[in-house]
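Chain and residue survey
What follows is each chain in one-letter form.
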Amino acid sequence: MSVFPPAAPPSHPSPALARLLAAVAALAIAATAVLGLLLLQERRRPPALEGLTADQRQALARSLRSQSPGIYAWAWYAPAIGYTLHPGQPLSAWADTFTPNELGYRSGPVAKPPGTLRAVFVGDSWTFGMGVREEQAFPRRFAALAGRWAGAARPVEAWTLALPGYNTLNEVAALEYFFDRLQPDVVVLCPTPNDTTSSARVLPDGSLTYQGIERDDFGHDQAVFYRTRAVDSFRSRQRWQIAFAAVRRLEQRLEARGVPLLLFFTGTWFAPWAHWQVAGNGIDAPYVVTPAELSVGEWRNPPPVKHPTPAAHDLYARIVYAGVAEQLGWPALPAEARAGLGDEQLRVHRRSAAAEDWQAASEHYLRQNSRRYLAETFTASAEAWPQTVGLIDAPDGAFGRAAAVLVRRAAGVEALRVVLAPAERDSFLYPLQLVVRIPSPAGGSRRQLTVASGDREEITVEIPLPPDIPVGAAVDVELRVDRAVAGPGAPLPRSLRLLRIEGVE
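Keep in mind that what you see is a predicted model, and the values were worked out from it rather than measured.

On to the overall build of the chain, then. What the chain contains, in helices and strands, is nine helices and 23 strands. The long-range share in the chain, meaning contacts at least 24 apart out of those at least 6 apart in sequence, stands at 72%.

Structure, rendered in structure tokens:
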């Protein structure tokens, strides 16, 4: 993160001011190391530091560190991977104490034992097993089932290539880069419903941040994550198309290598949506889907973990076994090993020719989520978190270099009025170049203006709604400025405040 001077400032900040800003920026980086991840997981406003006692600040620091412990290493040798854990550094995190292997993952040695059938599981925190020990997570439970029931001619080993926060592009990149070293005999790729979140970056202290992302791994010029269930916005659909295009390319490369692929849709998937992703993106690999009822309630640990329990992992292992068994010709699980799972829950799917059937159900699901979680207007408030995408303080509306929010298109509305105000009064921020855009399949719309001084109470921009965004769909409203600053009591960079978005008929 940096503070950008104006192109032609009326005066230069004094050396003392420059030193103050540098100190504030350093503090902001340290706080941002974990605040970005906290914002991602919690739909509440970050507390104002100046309003907390010393004890409260220490409690907050412990909470933030639990969200993003300083244990990550930047994968500089293959940046598309994003990060690993520090290889060989013992650590306690996510309800487990372990030592990452030489590649930086919670798994066994890299060298493949002679005569072993190695199944490589690729995924994020659900596959990693956040909140349970490694031996309790479904990859290792799968290996135990295979050892007992598969009747394989050689021992079966599960190798977990997964970390919390990974997205589909990180996962595919990690498998491609480490493929020759791991020598998998079968690959289980485990998509989750938040797999289009931007990849976080590693700070010098080994924690993660979403700050400072100018272009993410999906090609967007800011960190992007959705706090709601899937909605039908153009950007969201675009990111899923990119993710599954990468899965399709991986499938083709594995097929050329003679390595079977199974997709395990884990997490809180709406099953028809998973079927549509496979059908609509031409995926030929077999796949299994976590039954929705087995990812919530008693099957999930309480906050802050909010991930599957050991009992849920046991069931997931049986579902994965069903898929791998079909791929490798192993016998099906006997009745005694099904743990109460029915035939439908253990069903192995293949791409259906009737993609339009899944599309209709998925479109209804996405539109229903839009109605449930998104308003037709936006007003900065504590209730607005579900509408925010990326690093924007919903109660205050403040953002740094870029922000995005979602509103639902209302009938009869042909344009949106976007109302902003300065978040900081520092004169060297101005003139500030502001771009407001609404992307759409046909190209979208765009408005640009110059904020000339910091004494304006409100800045209003009207932007037409692209005609190819239907009524009831989610509209991506994206904002970008050319500079931002961090100030006292505001650990995240700030430039403007988004006050409200309202329809114009």
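Moving on, we get to the confidence of the model for the chain. Low-confidence regions, as indicated by low pLDDT, have predicted coordinates that should not be scrutinised in detail. For the chain, mean pLDDT is 87; residues scoring 70 or higher make up 87% of the total. Every residue in residues 1-45 is under pLDDT 50, and counting partners more than four places away or in other chains gives 75 contacts.

Right, let's get into unusual backbone geometry. The peptide bond linking Pro303 to Pro304 adopts the cis configuration, its omega dihedral lying at 5 degrees. Inspection of the secondary structure puts Pro304 in the loop between strand 11 (287-289) and helix 8 (310-328). In this structure, Ala95 is a non-glycine residue whose phi angle is positive, near 70 degrees. Relative to the helices and strands, Ala95 is located in the loop between strand 3 (91-93) and strand 4 (96-98). Judged by relative accessible area, which is 57%, Ala95 ranks as exposed. Phi angles above zero are rare outside glycine, and Gln183 is one such case at about 50 degrees. Classification of Gln183 by relative accessible area gives partly exposed; the value is 45%.

The next point concerns the side chain of Thr197. By the secondary structure assignment, Thr197 is in the loop between strand 7 (186-189) and strand 8 (201-202). Residue classification places Thr197 among the buried positions, given a relative accessible area of 8%. At 3.1 Å, the side chain of Thr197 forms a polar contact with the backbone oxygen of Asn194. Beyond its immediate stretch of four places on either side in the chain, Thr197 contacts Asn167, Tyr210, Phe218, Val224, Phe225 and Arg239.

Counted according to the given criterion, the structure contains 29 aromatic pairs. Plain terms: the ring middles of Phe121 and Phe142 are 5.4 Å apart, the flat faces sit at 65 degrees to each other, and that makes the pair edge-to-face. Within this pair, whereas Phe121 is found in strand 5 (residues 117-123), its partner Phe142 is found in helix 4 (residues 138-149), the two being separated by 21 residues in sequence. Considered together, Phe121 and Phe142 belong to a single accessibility category, that of buried residues. Lying across the ring of Phe98, Arg106 places its NZ or CZ 5.5 Å from the centre.

On to the sheet that holds strand 18 (residues 445-451), then. Spatially, 13-15-20-17-18 is the arrangement adopted by the five strands of the open sheet, whose pairing is antiparallel. The two strands at the open ends of the sheet, each matched to only one other strand, are strand 13 (388-389) and strand 18. Sheet topology note: the strand 13/strand 15 (residues 402-408) ladder contains two bridges and is antiparallel. For Thr388, the partnering residue across the bridge sits in strand 15 and is Val405.

The next subject is the pattern of salt bridges. For side chains of opposite charge, pairing can occur when their charged atoms come near one another. The final tally for this structure, using the stated rule, is 33 salt bridges. With a shortest N-O distance of 3.5 Å, Arg248 and Asp284 are connected by a salt bridge. Note that Arg248 is positioned in helix 6 (residues 234-257) and Asp284 in the loop between helix 7 (271-280) and strand 11, a separation of 36 residues in sequence. Residues participating in the shared-partner salt-bridge network are Glu214, Asp221, Arg235, Arg401, Arg437, Glu478 and Arg480.

We now examine the sheet that holds strand 11. Reading across the sheet, the five strands line up as 6-5-7-10-11 and stay open at both edges, with parallel pairing between neighbours. Looking at strand neighbours, the two that pair on one side only are strand 6 (156-162) and strand 11, the edges of this open sheet. Averaged over neighbouring strand pairs, the angle between their axes works out to 20 degrees when direction is ignored. Across three bridges, strand 10 (residues 261-265) lies against strand 11 in parallel orientation. What sits directly across from Phe265, in strand 11, is Val289. Contacting strand 5, strand 6 and strand 7, helix 5 (residues 168-182) crosses the sheet at an angle of about 160 degrees to strand 5. The sheet strands contacting helix 6 are strand 7 and strand 10, and the helix crosses strand 10 at an angle near 150 degrees.

The biggest cluster of nonpolar side chains holds 64 residues, and the ones touching the most others in it are Ile81, Tyr105, Leu161 and Phe265. Broken down by element, the residue count for this core peaks at eight residues, all from helix 5. Setting aside residues up to four positions removed in sequence, Leu161 forms contacts with Tyr105, Val120, Phe121, Val122, Gly123, Ala174, Leu175, Phe178 and Leu182. Counting residues in hydrophobic clusters, the runner-up holds 37 residues, among them Ala380, Tyr430, Val451 and Ile469.

Reading guide: rules and limits
Residues numbered from 1 in each chain as written. Predicted model: local features only at pLDDT ≥ 70, side-chain atom pairs only at ≥ 80, totals over all residues. Heavy atoms only, no water. Helix = DSSP H or I, 4+ residues; strand = E, 2+ residues; numbered from the N terminus. Contact = heavy atoms within 4.5 Å. pLDDT = per-residue confidence, 0-100. Buried < 20%, exposed > 50% of the residue type's maximum accessible area, 1.4 Å probe, protein only. Polar contact = N/O pair within 3.5 Å; in protein donor to acceptor, adjacent residues only side chain to side chain. Phe/Tyr/Trp six-rings, centres within 6.5 Å; stacked < 30°, edge-to-face > 60°. Lys NZ or Arg CZ within 6 Å of the ring centre and 35° of its normal. Pairing = 2+ DSSP bridges. Salt bridge = Lys/Arg side-chain N within 4 Å of Asp/Glu carboxyl O. Axes fitted to C-alpha atoms, helices over the stretch in contact; angles between N-to-C directions. Core = buried A, V, L, I, M, F, W, Y, C linked by side-chain atoms within 4.5 Å.

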